[in-house]
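# Chains, contacts and geometry: an overview
Letter by letter, the chains look like this.
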Amino acid sequence: MVGSAILLHVIGVVIWVGGMFFAYMVLRPIAAGQLEPPVRLKLWVGVFGMFFPWVWISIAVILATGFWLIFGAYGGMGGVGFYVHAMLGLGIVMMLIFFHVFFAPYARLKRAVAEQSWPEGGKQLAMIRRLVGINTILGFVTIAIGSGGRYFVN
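Let us look at the structure shown here.

### Remarks on the nonpolar core
- If you look at the biggest cluster of nonpolar residues, it comprises 28 residues, and the most contacted ones within it are Trp16, Phe48, Phe52 and Leu109.
- Per-element accounting of this core gives the leading share, nine residues, to helix H2 (residues 37-73).
- Among residues more than four places away in sequence, those in contact with Phe52 are Phe98, Val101, Phe102 and Tyr106.

Structure representation (structure tokens):
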């Protein structure tokens, strides 16, 4: 059961952080260099519309498996090392950033695209880009702590 929970936890992380890395480091530069603002903004609304449901599922899986491991398998927060506390704290910060992206700039981006307000859409996309960049870095730090933390700090 522990192995299955860890596997699901890691799959959720891979989908979320890997998706952000791909969007930020691969799709964004190509879209910015090749597409005019109306087409680019419509593309991003479509991309986020397909990716964000996977992020919601990933967050649910990550939280469920993480808390099950902490409280069901390892006896609570006192039974885990500091690196698990750090991983949980960073994960919660990442989730809060995602919630903000989803409910604020992404909602405004969709509205701007529907209204064909391209400057406003560009402003919202720039905000999403910055927040996704921060979350991608936090994701890699969290992965490093989760995968190697027990060997460095306990």
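Read on, since the account is not over.
### Thoughts on a nonpolar patch on the surface
- Taken together, the side chains of Met1, Val2, Ile6, Val10, Val14, Trp68 and Tyr74 define a hydrophobic patch exposed on the protein surface, amounting to about 660 Å² of accessible area.
- Top contributing element to the nonpolar patch by residue count: helix H1 (residues 2-34), with four residues.
- Topologically, Val14 is positioned in helix H1.
- Accessibility expressed as a relative area gives 54% for Val14, which makes it exposed.

### Some remarks on the layout of surface pockets
- The computed volume of the largest pocket comes to approximately 790 Å³.
- Surrounding the largest pocket, 32 residues form its lining, His9, Val13, Leu69, Met87 and Gly146 being those nearest its centre.
- Broken down by secondary-structure element, the contributors of at least two residues to the lining of the largest pocket are H1, H2, helix H3 (82-103) and helix H5 (118-152).
- Class assignment for the residues of the lining of the largest pocket results in 21 nonpolar, ten polar and one charged.
- The calculated volume of the second largest pocket comes to roughly 330 Å³.
- Residue lining of the second largest pocket: 27 residues in total, with Trp44, Phe48, Leu125, Ile128 and Arg129 positioned closest to the centre.
- Contributions of two or more residues to the lining of the second largest pocket are made by H1, H2, H3 and H5.

### Digging into the environment of Ile97
- Inspection of the secondary structure puts Ile97 in helix H3.
- In contact with Ile97, other than residues within four places in its own chain, are Leu131, Ile134, Asn135 and Leu138.

### A word on helix H4 (residues 105-114)
- Residues of H4 that are buried include every one of Pro105, Tyr106, Leu109, Ala112 and Val113, and no others. Across the axial projection of H4, the buried residues extend over an arc of 120 degrees, all falling on one side.
- If you follow the buried residues of H4, they end up packed against H2, H3 and H5.
- Backbone geometry just after H4 places Gln116 at a positive phi near 55 degrees.

What counts as what
- Residues numbered from 1 in each chain as written.
- Predicted model: local features only at pLDDT ≥ 70, side-chain atom pairs only at ≥ 80, totals over all residues.
- Heavy atoms only, no water.
- Core = buried A, V, L, I, M, F, W, Y, C linked by side-chain atoms within 4.5 Å.
- Buried < 20%, exposed > 50% of the residue type's maximum accessible area, 1.4 Å probe, protein only.
- Helix = DSSP H or I, 4+ residues; strand = E, 2+ residues; numbered from the N terminus.
- Contact = heavy atoms within 4.5 Å.
- Patch = residues over 30% accessible without salt bridge, like charges linked within 9 Å, V, L, I, M, F, W, Y side chains within 5 Å.
- Areas by Shrake-Rupley, 256 points an atom, 1.4 Å probe, with all protein chains shown as cover.
- Salt bridge = Lys/Arg side-chain N within 4 Å of Asp/Glu carboxyl O.
- 1 Å grid on protein atoms, 1.4 Å probe; cavity = no way out; pocket = protein on both sides within 12 Å on 5 of 7 lines; lining within 4 Å.
- Points joined across faces, edges and corners; volume = space filled by probe spheres on them.
- Nonpolar A, V, L, I, M, F, W, Y, C, P; charged D, E, K, R; others polar.
- Arc of directions from axis to C-beta.

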